[in-house]
Amino acid sequence: MDSNWIRHAKTPEERKKVTDAINNSKYALDLLSLILVRELDQINQTSLEDYNIPNWSHFQADRNGYRRALKRFLNLINLKE
């Protein structure tokens, strides 16, 4: 679990409360993970038509930023590590 989840917790009781809440939400987080992976797969698909966009460099920069955000969220909700 990413340490950002419990970074704000000041006491061991708070940490346990947050950890328990996250672990009890595992089903929802797994569904969210599936959605984000689908989004990531979709954003990774580049077609030849994409290169015809006049401001392709801006389009690609936006796509790269979105890809980075999706990966960050996937790491955040990955409870296995």
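Reading the values: rules and limits
- Residues numbered from 1 in each chain as written.
- Predicted model: local features only at pLDDT ≥ 70, side-chain atom pairs only at ≥ 80, totals over all residues.
- Heavy atoms only, no water.
- Helix = DSSP H or I, 4+ residues; strand = E, 2+ residues; numbered from the N terminus.
- Expected span 1.5 Å × (residues − 1).
- Buried < 20%, exposed > 50% of the residue type's maximum accessible area, 1.4 Å probe, protein only.
- Contact = heavy atoms within 4.5 Å.
- Polar contact = N/O pair within 3.5 Å; in protein donor to acceptor, adjacent residues only side chain to side chain.
- Core = buried A, V, L, I, M, F, W, Y, C linked by side-chain atoms within 4.5 Å.

1. Thoughts on helix 3 (residues 56-77)
A rise of 1.5 Å per residue sets the reference length of helix 3, with its 22 residues, at 32 Å; its end C-alpha atoms lie 32 Å apart and thus fit the reference within 8%. Looking only at helix 3, the buried set comprises Gln60, Arg63, Arg67, Leu70, Leu74, Leu76 and Ile77. In this structure, the buried side of helix 3 is in contact with helix 2 (26-44).

2. Considerations on the side chain of Arg63
Residue position: Arg63 is located in helix 3. Among the polar contacts listed, one links the side chain of Arg63 to the backbone oxygen of Ile43, at a separation of 3.4 Å. If we ignore the near neighbours within four places in the chain, the residues touching Arg63 are Ile43, Gln45, Thr46 and Asp50.

3. Overview of the nonpolar core
Within the largest apolar cluster, nine residues are counted, these being Val18, Ile22, Leu29, Leu36, Leu40, Ile43, Leu70, Leu74 and Ile77. Residue assignment for this core shows that the elements contributing at least two residues are helix 1 (12-24), helix 2 and helix 3. Of the residues forming this core, the biggest block, four residues, is contributed by helix 2. Excluding anything up to four places from it in sequence, Leu70 contacts Leu36, Glu39, Leu40 and Ile43.

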